[in-house]
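Coordinates in review
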Amino acid sequence: MRIILDPGHGGQDSGAVGNGLREKDLVLALAKEVISLLGDYQVEVISTREGDVAVSLAARAKLANDLQADFFCSLHVNAGGGSGFESYIHPEATPETRSLAGALHARVADFYIQKGFPDRGLKRANFLVLRETAMPAVLLENLFIDNPRDAACLADATFLRELAGVIVSGLVQTLGLKKNTGWDPAGEIARLRERGLIVDEHAPDAFVTWGEFAAVMNRLLDRWEQNNQKAGDKG
Ligand SMILES: [Zn+2]
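What you are looking at is a predicted structure, and each value in this text was computed from that prediction instead of being measured.

1. Some remarks on the packing of aromatic side chains
Taken as a whole and assessed by the stated rule, the structure comprises seven aromatic pairs. Considering the side-chain rings of phenylalanine 111 and tyrosine 112, the 5.3 Å spacing of their centres and the 65° angle between planes classify their relative orientation as edge-to-face. Judged on exposure class, the residue phenylalanine 111 and its partner tyrosine 112 are both buried. Relative to phenylalanine 213, the ring of tryptophan 210 lies with its centre 5.3 Å away and its plane at 90°, an arrangement referred to as edge-to-face. Here the residue tryptophan 210 and the residue phenylalanine 213 both occupy positions in helix α8 (residues 210-234), the gap between them amounting to three residues, near one helical turn.

2. A few points about the side chain of glutamate 23
Structurally, glutamate 23 is set in helix α1 (residues 23-38). In this structure, glutamate 23 is buried with no salt-bridge partner, the nearest side chain bearing the opposite charge being arginine 49 at 7.9 Å.

3. Observations regarding the UniProt feature "domain: MurNAc-LAA" (unreviewed entry) in the protein
When the UniProt feature table is mapped onto this chain, "domain: MurNAc-LAA" (unreviewed entry) is found at residues 61-172. Its end C-alpha atoms 22 Å apart, residues 61-172 is made of 47% helix and 24% strand.

4. Digging into the coordination of the zinc ion
For the zinc ion, the full set of protein donor atoms is His9 (NE2), Glu23 (OE) and His76 (ND1), at a range of 2.0 to 2.1 Å. Coordination of the zinc ion draws on donor residues from a single chain, spaced H-x13-E-x52-H in sequence. Of this pair, histidine 9 sits in the loop between β1 (2-7) and β2 (17-18) while histidine 76 sits in strand β5 (residues 71-78), and the two are 67 residues apart along the sequence. Just as histidine 9 is buried, histidine 76 falls in that class too.

Definitions and cut-offs
- Residues numbered from 1 in each chain as written.
- Predicted model: local features only at pLDDT ≥ 70, side-chain atom pairs only at ≥ 80, totals over all residues.
- Heavy atoms only, no water.
- Phe/Tyr/Trp six-rings, centres within 6.5 Å; stacked < 30°, edge-to-face > 60°.
- Buried < 20%, exposed > 50% of the residue type's maximum accessible area, 1.4 Å probe, protein only.
- Helix = DSSP H or I, 4+ residues; strand = E, 2+ residues; numbered from the N terminus.
- Lys, Arg positive; Asp, Glu negative; His and termini not counted.
- Salt bridge = Lys/Arg side-chain N within 4 Å of Asp/Glu carboxyl O.
- UniProt positions renumbered as here; feature names shortened; annotations may be inferred.
- Donors = N, O, S within 2.8 Å, 3.2 Å for Na, K, Ca; no water.

Here's what the structure looks like:
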């Protein structure tokens, strides 16, 4: 599972500005929190920009397509005299996109409602990053930078962290992401092969025969005996 996270704007393009805030800074900070939290899950996350740099809309969509991402999530902050949260999908979005975006929107909207902000709904727009991406794509408009009450929350690092947590829990739920267990069965098999204790490739969930078990045990015991021999020689 590969997610492209797309903090909007950057470089010369500040995005919306208001109340001493710039959209490009807020969405980058938010993206970094989201990426860090997704580190606990079995998912690869790639950002369309790492710092305060200009990236064209076409380049953002192309990156997602080139990497054959499974999901594209664009992060923005609204402006224009409203308040609250809305999200967007393309007018010709597939049923899969509609359902994934609907679930993600519902999770994030719940958070905003709890914080006393209106849910402005899941809307449709012919935005380039939604149109040109070959995978389910959604764009989240988080509060209004030109509204003092919205901006006060956006300026609050704790609020942004909380929002990042909610977006992550929405992605986890929507995309069925699994927690990292630190347990990698295929990796364990690869290590045994590197060490020469098993020879063939095995599927992690394949059954072991007594013959195979005995062969591995004998290789282990041979090594143990060789080591003992060497230790004895030294003594
Ligand atoms: Zn924007």
